[in-house]
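Single-letter residue listing:
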Amino acid sequence: MAGARAAAAAASAGSSGSSSTPPPQEPGLAELLEEFSRTQYRAKDGSGASGSKVERIEKRCLELFGRDYCFSVIPNVNGDICGHYPRHIVFLEYESSEKEKDTFESTVQVSKLQDLINRSKMARCRGRFVCPVILFKGKHICRSATLAGWGELYGRSGYNYFFSGGADDAWADVEDVTEEDCALRSGDTHLFDKVRGYDIRLLRYLSVKYICDLMVENKKVKFGMNVTSSEKVDKAQRYADFTLLSVPYPGCEFFKEYKDRDYMAEGLIFNWKQDYVDAPLSIPDFLTHSLNIDWSQYQSWDLVQQTQNYLRLLLSIVSRDDDSGLLVHCISGWDRTPLFISLLRLSLWADGLIHTSLKPAEILYLTVAYDWFLFGHMLVDRLSKGEEIFFFCFNFLKHITSEEFSALKTQRRKSLPTREAGFTVEDICMLRRRDRGSTTSLGSDFSLVMESSPGAAGSFTYEAVELVPAGAPTQAAWLAALSSRETRLQEVRCAFLAAYSSTVGLRAAAPSPSGAIGGLLEQFARGVGLRGASSSAL
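### As for the packing of helix α5 (residues 110-120) against helix α8 (residues 190-205)
So, point 1. In contact at an axis separation of 8 Å, α5 and α8 are set at 150° when each is read in the N-to-C sense. The orientation of α5 relative to α8 falls into the category roughly antiparallel. Relative to α8, α5 is oriented so that their crossing is left-handed. Residues K112, L113, L116, I117, R119 and S120 of α5 touch α8, and the partners they reach there are V195, Y198, D199, R201, L202 and Y205.
So, point 2. Residues that form the contact of α5 with α8 fall into these classes: seven nonpolar, one polar and four charged.

Below is the structure:
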C-alpha cells in the first residue's frame, strides 16, 4: 500500500510539472554513480580504464574545492598513508575571498600536519586517521574511524579477519605490516600511550575540541575479543581534555529495514535492547540547553527524528562562538560518518556559508565523490545486502529544509531586536509547511519540488510577504535566505534522485513486494524527462 502511494505521488509530480525538463545535472555524475556502484575505491588502484575514471573524479573534486578555497594536497597516491582514503587528500586552508582570508588565517603547517598524520594513523581502526574535510568559520570539521583496540596488535590482515567475522575482508591486503609497526606494537602497554598520544597531538593541532562518537557500543567485539575501542572508554582517560559526545546511531545493517519498509524512515525505530548495544547517549548539558530537545527520549525516536536531532546538535556545535573544531566518527568511518559529514556539508552550503559558488548539481557531485566514494564507502556491498544508507542520506534532505536546521538562525538571533508588535519570522514559519507530515514516503513531496510553492518558485507566497512587519528588513532578508535554503536542498535531492534512477536505483535495487522503489524511480524518471512514457523499466 505504501509503495503504491509513493509511486502514485511520483507519477502525480511528474505530470504536474511545468515541463519535462530534467533537473540540471553535473557532467560526470552518472559516470561517478556507475563507477561507485560497480566497484569499491582503493587508493592503490590507479591504472586501466577504471583508473582513468577515478582520475577524472579526483580532478573534478579538486576543481570544485578550488572554486572557493585555497588548499593544499596531502599525497596518498598509492595508499601509502591509508589505503581507503583519497589519493589526493584535500586540506582546506582558508576561503579564497580576500574578506575571508583576512578573517580566518590558517595556523596549520601542512608539512607538520602530514608528519602527525603518519605518526598517528596506527591509533585508529584500519588506519583511518583524523582527517579534516570541511572548513567553516575557520574551524575544521573532521572525520575518522574509532580508536584501534588490541585486535590490531596482530597486524592489519589479522585484524580485518576478526573484524569481518572471518570473511575475506576487502582491505586485508591493503596495508602490509612494516618492521616499524611490529617494533611499535611490541611495546605492549606502551603502544597506546605512544600512538594515542600522536592522535591527541593531531587533534590539538587541528584545534579539535569536540568528538562525536556514533557507535552504539563502547567497544566493537568479535568472537569475544575487543577489536576496536573509543575515546569514551579509554582507561587512561587520555581524551579527558576533549568534550566527548556519545550519540549512538544505528549501523548500516539497520538500513536494510529502511529498504524493506519501502524506504520509509518515519516510524522506524532501532531496537536498543540488543545485547551488543551498551553505549548510552551522553552529551554535556551546556551543548543541549538551547536546542529544546528531550534527549531522555532518544530510544523512542524514529530514524527521522533521531537523524534530525543529531544533525541539529552537530550544527549547533560548529556554530558556537569559539575556534574549536569537531571530529565525527563511527567504527570504520565509512557509513554513519559520511552520512553526517555529507548532511553537514549540504546544510551549511544551503545556508550559503560554505562552498558559496557551487550550484546544487556541483555540491551534489562533490559530496558523493569525496565524502562517500573516495573515502571508501562500500556501496557495492551495501547494495547487495540492501543496506541503503547512501540512498537514505540524500532522500533525507526533505526533512532538513526548515529554519531549525539553519546555521543562520544563531546569527539572526544575535542581530534582531526584541519582539515587537506583529509577526516574527518564527510566527511566519509556523504557518508554512513543516518538513515532516506528508513527506513520509520517498515521493510524497515531489509535488513540492515540481509544483508551485515558496521553495520551488524561489520566492515567497503573497500571504507570507504580507505577514512580514513593516520596518523589518532584517527579518525579510532572513526569510529570503530560508526560502533559498529550502529550494537549494530540494534541487540537490531532485538531482540525486534523477541520477540515481538512471544508474544505480533501477538496476541495482531489488524490487520490494509492492514494487515501491522501482516503480517510484521509474515514474520519477518519466516525470523529469529521463524516459519516454513508453519506455520499459530497466
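### Points about α8
So, point 1. In a regular helix each residue adds 1.5 Å, so 16 residues correspond to 22 Å; α8 covers 22 Å between its end C-alpha atoms and thus fits that length.
So, point 2. Of the residues flanking the end of α8, it is S207, one or two places downstream, whose phi is positive at about 60°.

### A closer look at the pairing of strand β9 (residues 325-329)
So, point 1. With respect to burial, β9 is a largely interior element, five of its five residues being buried.
So, point 2. Of the two faces of β9, the one holding G325, L327 and H329 and the one holding L326 and V328 are both buried throughout.
So, point 3. One ladder, built from four bridges, connects strand β4 (residues 139-144) with β9; its direction is parallel. Within β9, the residue paired with I141 across the bridge is L326.
So, point 4. Pairing geometry for strand β5 (residues 208-213) and β9, over five bridges, is parallel. Bridge pairing in β9 links V208 to G325.

### Notes on the nonpolar core
So, point 1. Ranked by internal contacts, the top residues of the largest apolar core, which has 126 residues, are Y310, L326, Y370, F390 and F394.
So, point 2. Not counting residues within four places of it along the chain, the set of residues in contact with F394 comprises S342, L346, L364, T367, V368, W372, R493 and F496.
So, point 3. In this structure, M122, L191, F192 and V195 belong to the second largest nonpolar core, which totals five residues.

### Things to note about the packing of aromatic side chains
For any two aromatic rings, the description comes down to two numbers: the centre-to-centre distance and the angle of the planes.
So, point 1. Counted according to the given criterion, the structure contains 31 aromatic pairs.
So, point 2. On the basis of an interplanar angle of 85° and a centroid distance of 5.4 Å, the ring pair of F254 and F270 is categorised as edge-to-face. Taken together, the positions of F254 in the loop between β8 (243-246) and α9 (255-260) and F270 in the loop between α9 and α10 (303-318) put the pair 16 residues apart, joining distant regions of the chain. Side by side, F254 and F270 carry an identical accessibility label, which is buried.
So, point 3. Where F391 meets Y500, the ring centres are 4.9 Å apart and the plane angle is 55°; that geometry is what we call tilted.

### Observations concerning the sheet that holds β4
So, point 1. The strand order β3-β4-β9-β5-β8 describes an open sheet built from five strands, whose pairing is mixed. Whereas interior strands pair on both sides, the edge strands pair on one side only; in this sheet they are β3 (131-136) and β8. Within the sheet, the average angular offset between the axes of one strand and its neighbour, ignoring direction, is 20°.
So, point 2. Its contacts with the sheet place helix α11 (residues 336-350) against β3, β4 and β9, and it is angled at close to 155° to β4.

### Description of the side chain of E388
So, point 1. Structurally, the position occupied by E388 is in the loop between α13 (379-385) and α14 (389-395).
So, point 2. An unpaired buried charge is present at E388: no salt bridge exists, and K259, the closest side chain of opposite charge, is 4.8 Å distant.
So, point 3. Polar side-chain contacts of E388 include one of 3.1 Å to the side chain of Y500.

### Notes on the environment of Q490
So, point 1. Residue position: Q490 is located in helix α20 (residues 473-508).
So, point 2. Expressed as a C-alpha distance, the spacing of Q490 and T401, which sit 89 residues apart in the sequence, is 8.1 Å.

### A look at the pattern of salt bridges
So, point 1. By the definition in use, this model includes 23 salt bridges.
So, point 2. Here E362 and R60 are joined by a salt bridge, their closest N and O atoms 3.8 Å apart. On the criterion of sequence distance, the pair formed by E362 in helix α12 (residues 360-373) and R60 in helix α3 (residues 48-66) is long-range, its members being 302 residues apart.
So, point 3. Residues joined in a network through salt bridges with shared partners are R60, E63, R67 and E362.

### Topic: the side chain of N76
So, point 1. Mapped onto the elements, N76 comes out in the loop between β1 (69-75) and β2 (88-95).
So, point 2. Within the structure, the side chain of N76 is placed 3.3 Å from the backbone oxygen of Y85, a separation counted as a polar contact.
So, point 3. Excluding residues that lie within four positions of it along the chain, N76 makes contacts with A43, I81, C82, Y85, P86, R87 and I89.

### Thoughts on the packing of α10 against α11
So, point 1. Their axes nearest at 11 Å, the elements α10 and α11 cross at an angle of 65°. With respect to the hand of their crossing, α10 and α11 are arranged in right-handed fashion. Contact residues: T307, Y310, L311, L314 and L315 in α10; F340, L343, L344, S347 and L348 in α11.
So, point 2. Partitioning the contact of α10 with α11 into residue classes produces eight nonpolar, two polar and no charged.

About the criteria used
- Residues numbered from 1 in each chain as written.
- Predicted model: local features only at pLDDT ≥ 70, side-chain atom pairs only at ≥ 80, totals over all residues.
- Heavy atoms only, no water.
- Axes fitted to C-alpha atoms, helices over the stretch in contact; angles between N-to-C directions.
- Helix = DSSP H or I, 4+ residues; strand = E, 2+ residues; numbered from the N terminus.
- Parallel < 35°, antiparallel > 145°, perpendicular 65-115°, else oblique.
- Left-handed = near helix turned anticlockwise from the far one by under 90°.
- Contact = heavy atoms within 4.5 Å.
- Nonpolar A, V, L, I, M, F, W, Y, C, P; charged D, E, K, R; others polar.
- Expected span 1.5 Å × (residues − 1).
- Buried < 20%, exposed > 50% of the residue type's maximum accessible area, 1.4 Å probe, protein only.
- Pairing = 2+ DSSP bridges.
- Core = buried A, V, L, I, M, F, W, Y, C linked by side-chain atoms within 4.5 Å.
- Phe/Tyr/Trp six-rings, centres within 6.5 Å; stacked < 30°, edge-to-face > 60°.
- Lys, Arg positive; Asp, Glu negative; His and termini not counted.
- Salt bridge = Lys/Arg side-chain N within 4 Å of Asp/Glu carboxyl O.
- Polar contact = N/O pair within 3.5 Å; in protein donor to acceptor, adjacent residues only side chain to side chain.

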